[in-house]
Amino acid sequence: MKFMKQSLSLLLTCCLVLATGPEGFAQADQPPVQAAPETPEQLQQLVAPIALYPDALVAQILAAATYPDQVVEADRWLQQHTDLKGEQLGKEVDKQPWDPSVKALTEFPSVLANMDKNLAWTSSLGDTYVNQRQDVMNAVQVMRERAEQAGNLKSTSQEKVSNKGQNIVIAPADPQVVYVPEYDPWLVYGAPIGIWPGWYWYPGLFFDGPGIAFGLGFGIGFFGGFGWGWGHWGYDWHHHDIRFGHHAYVSHSRVFVNHNNFNRAAGFHGAKGFHGGFAGERGFGSSGHSFATSHAQSGMHSGAFSGFNRGGMSRGFAARGQSSFGGGFHGGGGFHGGGGGGRR
């Protein structure tokens, strides 16, 4: 009787495996469902907040956006070390285990804070750059052309706007002082653009109106001696590559899946052996593969940033920034005033 029961149990187990196994094996062997590429219009909305920044700053932002966890940690770190200024700040930043792009953005604390507080947008920016690099940069050029045609992009005492072939290049007028332009990203390009869902207007970077203004300049001389500083970044518009240290920048982030490198036989192959991705929704409302986290409640702390999951990031995550992400303008580094700042 005992033998019959064991045999019956084995038979039922085999039947269950045969009934469900092929589907289960088939699913395991299939690559993950890939989201459709973002349309030009969606990409233009995505890059609108940064398209009019100097080229090197755009490069730093795109690179850092592939490390949203480090962006959060770096911004919290700056909030906790407001006493550090200039070269002292640079020395302490240099000790941190962050990507060079994230370290570089500590020179521009308001930009870093904006990326933290609009984390859903930052996530989408990094994810899309990983998977549609050339399309992202094409969108930047389209938006610059639109701003130029609207009469809102021209050379000033703060920045130099020039043409290199068919591309519009933006660089600081003074190589030692970088001004971050302040503008309404949904109005400055002429025809209005849809506001990013849950967008948080970080103080000092945005204002209502169709023009561009400049406030304080950021002195970058204190950071010149570090390998991640301003002078090490740029953009190669011909090859659509971020340049870091005179070479094409390569992100080693494991946060996003590069679907172009997916190999069905061997799995994901990315920088430093990527072993997975985070599937979720993008800020555009389409299904995508965005950075995700289970820290949907306020009071998220820096550090391990351990709450990853495979669900989508709530757009409310970015919208709640002003109440839970803390602090206003912070971090030092030799701010320089003026230079005829004002709306243009």
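Below you will find a few notes about this structure. In this text the structure is predicted, and so the values were computed from the model without any measurement.

Cut-offs applied
Residues numbered from 1 in each chain as written. Predicted model: local features only at pLDDT ≥ 70, side-chain atom pairs only at ≥ 80, totals over all residues. Heavy atoms only, no water. Helix = DSSP H or I, 4+ residues; strand = E, 2+ residues; numbered from the N terminus. Buried < 20%, exposed > 50% of the residue type's maximum accessible area, 1.4 Å probe, protein only. Contact = heavy atoms within 4.5 Å. Areas by Shrake-Rupley, 256 points an atom, 1.4 Å probe, with all protein chains shown as cover. Phe/Tyr/Trp six-rings, centres within 6.5 Å; stacked < 30°, edge-to-face > 60°. Axes fitted to C-alpha atoms, helices over the stretch in contact; angles between N-to-C directions. Parallel < 35°, antiparallel > 145°, perpendicular 65-115°, else oblique. Nonpolar A, V, L, I, M, F, W, Y, C, P; charged D, E, K, R; others polar. Polar contact = N/O pair within 3.5 Å; in protein donor to acceptor, adjacent residues only side chain to side chain.

Let's talk about the overall build of the chain
Thought 1: For the chain, the helix and strand inventory stands at eleven helices and 14 strands.
Thought 2: Counting only residues that meet the buried cut, the chain has 50% of its 344 residues in that class.
Thought 3: The contacts of the chain with a sequence gap of at least 6 include a subset with a gap of at least 24, amounting to 74%.
Thought 4: Here the chain displays about 15,500 Å² of accessible surface, and carbon together with sulfur accounts for 55% of that area.

Remarks on the packing of aromatic side chains
Thought 1: Applying the stated criterion across every chain, the model contains 16 aromatic pairs.
Thought 2: Between Trp-121 and Trp-199, the ring centres sit 5.5 Å apart and the planes meet at 90°, which makes this aromatic pair edge-to-face. One end of the pair, Trp-121, is in helix H8 (residues 119-131); the other, Trp-199, is in the loop between strand S4 (182-183) and strand S5 (212-213), and 78 residues separate them in sequence. Per residue, the accessibility class of Trp-121 equals that of Trp-199, and both read buried.
Thought 3: Aromatic pair Phe-226 and Trp-228: ring centres 5.2 Å apart, planes at 10°, arrangement stacked.
Thought 4: On the basis of relative accessibility, which here comes to 13%, the residue Phe-226 falls in the buried class.
Thought 5: Residue class for Trp-228 comes out buried when judged on its relative accessible area of 3%.
Thought 6: Grouping aromatic residues by their ring pairs yields a cluster made of Trp-121, Trp-186, Trp-199, Trp-201 and Phe-206.

With respect to the packing of helix H2 (residues 40-47) against helix H9 (residues 133-149)
Thought 1: H9 packs onto H2 with a crossing angle of 75° between their chain directions and a minimal axis gap of 9 Å. In terms of axis orientation, H2 runs roughly perpendicular to H9. Of H9, the residues touching H2 (which contributes Leu-43, Gln-44 and Val-47) are Asp-135, Val-136, Ala-139, Val-140, Val-142, Met-143 and Arg-146.
Thought 2: The class makeup of the residues in the contact of H2 with H9 is seven nonpolar, one polar and two charged.

A look at the environment of Asp-55
Thought 1: Checked against the element boundaries, Asp-55 lands in helix H3 (residues 55-65).
Thought 2: Of the residues examined, Asp-55 reaches a relative accessible area of 7% and is grouped as buried.
Thought 3: Here the alpha-carbon distance between Asp-55 and Pro-172, two residues 117 residues apart in the chain, equals 9.1 Å.
Thought 4: Beyond its immediate sequence surroundings of up to four residues, Asp-55 is in contact with Arg-144, Val-169, Ile-170, Tyr-235 and Trp-237.
Thought 5: Engagement of the side chain of Asp-55 in a polar contact is seen with the side chain of Arg-144, the distance being 2.8 Å.

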